[in-house]
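Structural characterization, general
Each chain, written out:
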Amino acid sequence: MKVRSRRKLVKPISWSALIVFLFLIPLFITSPYQLHILIMAGIAIILASSVRLVVTSGLLSLAHGGMMAVGAYTSALLVMKLGLSSWAALVLAGVAAGVIALLVGYPFVRIKGVYFALVTVFLAEVIRLIIEQWRSLTGGSMGIINIPRPDPIVIPGLLNMDFASKVDFYYFMLVLVLLILSILYAIERSRTSLTWFSIAQADFLAESVGVNTARFQVLAFTIGCFFAGMAGAFYSQYIAAITPGAFGFFWSVYIVIYMIVGGMKSFAGPIIGALILTFIPESARVLKEFQPYVFAGALMLIIFFLPEGVVSLPQRLKKLVRERFSHA
Amino acid sequence: MLEIRGLIKRFGGLIAVAGLDLTINQGELVGLIGPNGAGKTTVFNLITGFLRPTSGKVIFEGKNVTGQKPHSIAEKGIGRTFQATSLFPYLTVLQSIIAACYLRPKIGFWEATLHTSSSHRKEELSLGRALEITKFVGLDSVKDIPAHSLPHGHKRILGIAIALAAEPKLLLLDEPITGMNAEEVSEAIAVIRRIWQRGTTILVIEHNMRAAMSLCQRLVVLNFGKKITEGSPEDVRKNKDVIQAYLGVEKHAA
């Protein structure tokens, strides 16, 4: 009883400590370059975690890069052409990506397994082509530049964020990531998620007990794409310039690699994968230049030696140690 | 309760079901038997919407359900198991049954995501129902084991338990005792009897003639997609066409 109550306390305390630590990071990491890496890691976390949600329903989406583009362009155009608040644009960017996912979802989920992944590749390509060809609206392959910063947040005497510095963007990213992760976690712990797992493992069996599997899979695809759209909007507001080439097929594949390397069975997996694979290429110039090779190498190592991803490493080590000692 | 009229299913040139008429009354335990390739599983797939009939009608409780999606047929009250042992391999026994309690109580996306008190209540309700089902089918001792690591007999029973979670009025069992050892067979038959005694109407496909004869009140014999006879196990046992279908035509030495 005592142990349990203590454990109940330890968890929230360590989580709050972690969050406080994350908020304090700009106090000791002041280099704009390092903050930039952290911000990009945040984007990668949103993308990898949201693609995992789609995967739990039994669908592998390779359209996440394309959905990011939808969000980035929606946000930029809403702010620049219609003069909308950047905060409204952030949400509407997610809605735009979600609506596209919802529209193509029903025909798409009839296509099972690897074929679904293939049609999502085409979807992303079609999105890229539309953006490239619709020059009057999107600026074609030249893209859009001078995207305004997010609207300032001013609470007199307390807070004054004008997003002129990377620190402000770091906090923007941090709040966005924490918010999205808590929503994803709430879904992960809900019945919806159990239904998705059951569909992923045997869709016809789920269907036979009354689950409208198509509707559930479209729901997962839509939610996943919604957050990818938001990540894209954040990206465009942060980088301030976007081109259709920035969201190519490689992005979609990288996002999936983040998830697999971290481990897709656990909620923490994509977060850890995104962090590792964002930091490794930045740690040495050589690695940065050969990024695709680094990613491919990491993917192969993981598939061969840690099929459940980096998150399963502690468990694996524990097991190894135990086996060693029990033999002795 | 269930009425099938003139059911036909063609796969290209092959006629799997060739004009089947079948009536199942409330409270019956009917066996659907016949040699390999007689079309028994196809009939199940046609009833439950996994296949669309070429022609013919499936009427359940007075409503035409022909060609509806499997999930809506499940919602109307027809449950089924699958011939190949089909489970949610990485869910535990209890999780599998909770997942299968999808229809009752139904938990909406928003209440589930927001973890509202109503969703907590429903979660508790479905946990209670799932525990009750594990006890009812005798899986409570293995309820925390992942489905894929269960022994074969338990796997088949779990398949039935998953179907039960949807609270079917009519339960279709596709070869429930295949591949079981003698002890598992008697356990499985006891479970099926209990389900039937609780008021669920059952239609069961069975290969094992002896098991089918001892279990069912009425047997329907299928061959080449056609009903060749139906009646009590006694009548069917004596029927010439049945003997012929199972053993082949005897050639008399001239």
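Cut-offs applied
- Sequence order as written defines the numbering, with residues in each chain counted from 1.
- Chains carry letters from A onward and ligands carry numbers from 1 onward, assigned in written order.
- Local features in this predicted model are restricted to residues whose pLDDT is 70 or higher, and side-chain atom pairs enter the listing and the counts only when it is 80 or higher, whereas totals over whole chains, interfaces and linings include all residues.
- Every helix listed is a DSSP run of H or I at least four residues long, and every strand listed is a run of E at least two residues long, numbered separately from the N terminus.
- Values of the radius of gyration come from C-alpha atoms, whereas the globule rule sets the reference at 2.2 Å times the count of residues to the power 0.38.
- We call two residues in contact whenever the C-beta atoms placed from their backbones are within 7 Å.
- Each residue is assigned to one class: nonpolar for Ala, Val, Leu, Ile, Met, Phe, Trp, Tyr, Cys and Pro, charged for Asp, Glu, Lys and Arg, and polar for all the others, Gly among them.
- Every axis in this analysis is a line fitted to C-alpha atoms, fitted for helices over the stretch in contact. Angles between the N-to-C directions lie between 0 and 180 degrees.
- Throughout this description, any angle smaller than 35 degrees is read as roughly parallel, any larger than 145 degrees as roughly antiparallel, any in the 65 to 115 degree range as roughly perpendicular, and the remainder as oblique.
- Should DSSP find at least two bridges between two strands, the strands are taken to pair.
- Think of a nonpolar core as buried Ala, Val, Leu, Ile, Met, Phe, Trp, Tyr and Cys residues chained together by C-beta atoms that fall within 7 Å.
- To sort residues by exposure, count the other C-beta atoms lying within 10 Å of each residue's C-beta; 20 or more gives buried, 12 or fewer gives exposed, and values between give partly exposed, all with C-beta atoms placed from the backbone.
- Helix span is expected to be 1.5 Å times the residue number reduced by one.
- Every residue is assigned a pLDDT by the predictor, reflecting its confidence on a scale from 0 to 100.
- Crossing handedness is defined as follows: a turn of the near helix away from the far one that is anticlockwise and smaller than a right angle gives a left-handed crossing, while the clockwise case is right-handed.

Along its length, chain A carries 15 helices and two strands. At 21 Å, chain A has a C-alpha radius of gyration in line with the 20 Å of a compact globule built from 328 residues. The principal-axis extents of the C-alpha atoms in chain A amount to approximately 70 × 50 × 45 Å.

It is worth spelling out the interface of chain A and chain B at this point. The interface of chain A with chain B comprises 20 residues on the first partner and 30 residues on the second. Looking at the side of chain A that touches chain B, the elements with two or more residues in it are helix 7 (166-188), helix 8 (191-201) and helix 9 (203-208) of chain A. In terms of residue count, the dominant contributor to the side of chain A that touches chain B is helix 8 of chain A (seven residues). Looking at the side of chain A that touches chain B, its residues break down into 10 nonpolar, eight polar and two charged.

Let us now look at the packing of helix 2 (residues 32-56) of chain A against helix 11 (residues 249-262) of chain A. Residue and element names in this part refer to chain A. It is the contact of helix 2 with helix 11, at a shortest axis distance of 8 Å, that shows an interaxial angle of 80°. With respect to each other, helix 2 and helix 11 are oriented roughly perpendicular. Along the contact surface, helix 2 presents Ala44, Leu47, Ala48, Val51, Arg52 and Val55, while helix 11 presents Ile255, Val256, Tyr258, Met259 and Gly262.

Right, let's get into the sheet that holds strand 6 (residues 78-80) of chain B. The strands making up a sheet associate through backbone hydrogen bonding, with each pair oriented either parallel or antiparallel. Residue and element names in this part refer to chain B. Pairing is mixed across the open sheet formed by six strands, whose spatial order is 6-7-8-3-9-10. The open sheet has two free edges, formed respectively by strand 6 and strand 10 (226-231), since each of these has just one partner strand. On average, adjacent strands in this sheet sit at an angle of 20° to one another, irrespective of strand direction. Where strand 3 (residues 29-33) and strand 9 (residues 218-223) come together, four bridges link them in parallel fashion.

Residue and element names in this part refer to chain B. Pairing of strand 1 (residues 2-11) with strand 2 (residues 14-24) involves eight bridges; the strand directions are antiparallel. Each bridged residue has a counterpart across the sheet, and for Glu3 the counterpart in strand 2 is Thr23. A loop of two residues connects strand 1 with strand 2, the two strands running antiparallel in sequence, and Gly12 in this loop sits at a positive phi of about 60°. Note: strand 1 against strand 4 (residues 55-60), five bridges, orientation antiparallel. Counted as the bridge partner of Glu3 is Ile59 from strand 4.

Here we take up the nonpolar core. B:Ile97, B:Ala161 and B:Ala165 are the most contacted members of the largest nonpolar core, which has 170 residues in total. A per-element tally of this core places helix 10 (residues 213-239) of chain A first, with 16 residues. Residues in contact with B:Ala161, not counting those within four places in the same chain, are B:Ile97, B:Ile133, B:Thr134, B:Val137 and B:Leu139.

Another aspect to go through is helix 11 of chain A. Residues and elements named next belong to chain A. The terminal C-alpha atoms of helix 11 lie 20 Å apart, and with 14 residues this matches the ideal 20 Å at 1.5 Å per residue to within 8%. Summarising burial for helix 11: 11 of the 14 residues are buried, a large majority. Listing the buried residues of helix 11 in full gives Trp251, Ser252, Tyr254, Ile255, Val256, Ile257, Tyr258, Met259, Ile260, Val261 and Gly262. Looking at the packing, one finds that the buried side of helix 11 touches helix 2, helix 3 (64-82), helix 5 (114-133), helix 12 (268-283) and helix 14 (291-305). Positive backbone phi, approximately 115°, marks Gly263, located one or two places after helix 11.

Residues and elements named next belong to chain B. The predicted model of chain B has a mean per-residue pLDDT of 92, with 97% of residues at 70 or higher. For chain B, the element scoring lowest by mean pLDDT is helix 10 (residues 240-247), at 78; helix 3 (residues 93-100) scores highest, at 97. What the predictor reports for the complex is a pTM of 0.92 with an ipTM of 0.93.

Another point: the packing of helix 2 of chain A against helix 12 of chain A. Residues and elements named next belong to chain A. The contact between helix 2 and helix 12 brings their axes to 8 Å, and the two run at 145°. Handedness of the crossing formed by helix 2 with helix 12: right-handed. Along the contact surface, helix 2 presents Ile37, Met40, Ala41, Ala44, Ile45, Ala48, Ser49 and Arg52, while helix 12 presents Pro270, Ile271, Gly273, Ala274, Leu275, Thr278, Phe279 and Glu282. Taken together, the residues that form the contact of helix 2 with helix 12 break down as 11 nonpolar, three polar and two charged.

Turning our attention to the environment of A:Ala233. Residues and elements named next belong to chain A. Positionally, Ala233 belongs in helix 10. Taking the C-alpha atoms as reference points, Ala233 and Lys8, 225 residues apart in sequence, are found 38 Å from one another. Aside from chain neighbours lying at most four places away, what touches Ala233 is Gly71, Ala72, Thr74, Ser75, Ala89, Leu90 and Ala93.

Here we come to unusual backbone geometry. All names here are of chain B. Put simply, Arg104 and Pro105 share a cis peptide bond, and its omega is -10°. One can find Pro105 in the loop between helix 3 and helix 4 (109-113). Positive phi values are uncommon outside glycine, yet Glu175 reaches one of about 50°. With respect to the helices and strands, Glu175 occurs in the loop between strand 7 (170-174) and helix 7 (182-197).

The next point concerns the environment of A:Gln217. Residues and elements named next belong to chain A. Structurally, Gln217 is set in helix 10. Sequence spacing of Gln217 and Ala124 is 93 residues, and the spatial spacing of their C-alpha atoms is 18 Å. Setting aside anything within four residues of it in sequence, one finds Gln217 in contact with Ser57, Gly58, Leu59, Val109 and Ile199.

It is worth spelling out the sheet that holds strand 4 of chain B at this point. All names here are of chain B. If you walk across this open sheet you meet the four strands as 2-1-4-5, and the pairing is antiparallel. Of all strands in the sheet, those bounded by a partner on one side alone are strand 2 and strand 5 (63-64). In the packing of helix 1 (residues 40-47) onto the sheet, the strands contacted are strand 1, strand 2 and strand 4, and the crossing angle to strand 2 comes to about 65°.

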